[in-house]
Amino acid sequence: MHDIDMKLLRSFVSVATERNFSRAAERLGCSQATVSLRIKSFEDMLGRKLFNRSYHLVELSAAGKDLLPDAQIILDHHDALVDKMRSGKVAGAVSLGIAEDYGEAFLSRLMRVIDSSFPGIELNVTCQMSVKLQKLLETRKLDLAIVTLPDKKSHSTLLSQPKLVWVCSGDYVVDRRKPWPMAFYSEGCAFRAAAEAALKREGHAYREVLTTASGEVIKSAVSSGTAITVMAEGTLPYGFATLPKETGLPDLPPSCIQLVEREDGLSKAAQQVKVSIKKLLGISLA
């Protein structure tokens, strides 16, 4: 029987999340060569190829997709146990904001870890658009917020920089005779701003068929096959697809997902939530 080194597991999850070895290395606070060596060692140990690699693309293999959910659970429990034994009893209320476009898959993991390992922490979560969460931070109504903004803020930790992509349903039919039908978040959304700037820069005609503050409503519009939208690479729901370059839509920039904290300092409970977030996302604590 082989014991799995947590460094191998953490490197696998980081590469799977970032879809990029260089960005995964930045998360982990080590070199790209070290991450590549760890992934090779892990694949050799398992006897399975975990990633399909090309010069520009890193994608999970079938085996990698099967492994990822279990790998995340193992890391979550490992880190929660270590935190629990090291920190002792931490108590207090913590207000956390999470942008709707980011928190869907991550929030349940975080709440489970906090509830099981730090029962003295009362975690209160607000889901809003990033620009609104930033204002709540500035007025001290939040301790921490995971947001997508155009630029990195002070008192923040960069979590990820996934590329933005044009997204449609699997059965969407491109009609070049008509303006592009866009489903956008309301004004203030970084994804919307990036898309509008790219479309206007290259002279693409488009019309807003939907404007909303709800991610679920946008998904419904896109799934109908009558609208397209912008999402971060790696976050596409089942049944959605990226529009290929051949459609002629302009390239989009990477997004800037970050954990921002209030500028007047964090309580011990909020500091622990911050540490837990970084560990769940495989980010170096150095």
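How each quantity is defined
Residues numbered from 1 in each chain as written. Predicted model: local features only at pLDDT ≥ 70, side-chain atom pairs only at ≥ 80, totals over all residues. Heavy atoms only, no water. Phe/Tyr/Trp six-rings, centres within 6.5 Å; stacked < 30°, edge-to-face > 60°. Helix = DSSP H or I, 4+ residues; strand = E, 2+ residues; numbered from the N terminus. Buried < 20%, exposed > 50% of the residue type's maximum accessible area, 1.4 Å probe, protein only. Pairing = 2+ DSSP bridges. Salt bridge = Lys/Arg side-chain N within 4 Å of Asp/Glu carboxyl O. Axes fitted to C-alpha atoms, helices over the stretch in contact; angles between N-to-C directions. Contact = heavy atoms within 4.5 Å.

Trainee: Help me understand the packing of aromatic side chains, please; the structure alone is not making it clear to me.
Mentor: The geometry of an aromatic ring pair is captured by the separation of the ring centres together with the interplanar angle, meaning the angle of the planes. Taken as a whole and assessed by the stated rule, the structure comprises 4 aromatic pairs. Centroid distance Phe184 to Tyr206: 6.4 Å. Interplanar angle 70 degrees. Geometry classified as edge-to-face. Residue Phe184 is located in strand E8 (residues 180–185), and its partner Tyr206 is located in strand E9 (residues 206–212); the two are separated by 22 residues in the primary sequence. Exposure remark for Phe184: the relative accessible area of 2% places this residue in the buried category. Under the relative-accessibility criterion, Tyr206 is labelled partly exposed at 22%. Each residue in the set Phe12, Phe21, Phe42 and Phe51 is aromatic and connected to the rest through ring pairs, giving one cluster.

Trainee: So what exactly am I meant to see when it comes to the pairing of strand E10 (residues 229–232) here?
Mentor: Along a regular strand, successive side chains alternate from one face of the sheet to the other. Because side chains alternate across E10, one face comprises the buried residues Thr229 and Met231, and the other comprises Val230 and Ala232, equally buried. Bridge analysis of strand E7 (residues 164–169) against E10 gives 4 bridges, and the strand direction is antiparallel. Each residue of the ladder has a partner; that of Trp166, found in E10, is Val230.

Trainee: Is there a simple way to explain the pattern of salt bridges in this structure?
Mentor: Side-chain pairing between opposite charges can occur once the charged atoms of the two side chains come close. Within the structure shown, the criterion is met by 13 salt bridges. The partner of Arg177 in a salt bridge is Asp175, and the shortest N-O contact between them spans 3.0 Å. According to the relative accessible area criterion, Arg177 is exposed, its value standing at 74%. A salt bridge links Glu196 to Arg192, with the nearest nitrogen and oxygen atoms 3.3 Å apart. With Glu196 and Arg192 both in helix H7 (residues 190–201) and 4 residues apart, this pair spans about one turn of that helix. Neither Glu196 nor Arg192 differs from the other in exposure class; each is buried. Three or more residues joined by partner-sharing salt bridges are found here, namely Arg140, Asp143, Arg262 and Asp264.

Trainee: Would you explain the sheet that holds strand E11 (residues 240–242) in this entry?
Mentor: Strand pairing in a sheet takes place through backbone hydrogen bonds and is either antiparallel or parallel in direction. Strand order in the open sheet made by the 3 strands is E10-E7-E11, with antiparallel pairing throughout. Strands at the two margins of the open sheet, each flanked by one partner only, are E10 and E11. Each strand of the sheet is rotated relative to its neighbour by a mean of 50 degrees, with strand direction disregarded. Of the strands in this sheet, E7, E10 and E11 are in contact with helix H8 (residues 215–223), which crosses E7 at around 55 degrees.

Trainee: What should I look at first to understand unusual backbone geometry in this one?
Mentor: The phi angle of most residues is negative, glycine excepted, and most peptide bonds adopt the trans form. If you check the backbone angles, Arg140 has positive phi at about 65 degrees while not being a glycine. Topologically, Arg140 is positioned in the loop between helix H6 (130–138) and strand E5 (144–148). Of note, the phi angle at His155 is positive, near 55 degrees, even though the residue is not glycine. Mapped onto the elements of the fold, His155 is located in the loop between E5 and strand E6 (156–160). Here His155 falls in the partly exposed class, since its relative accessible area comes to 40%.

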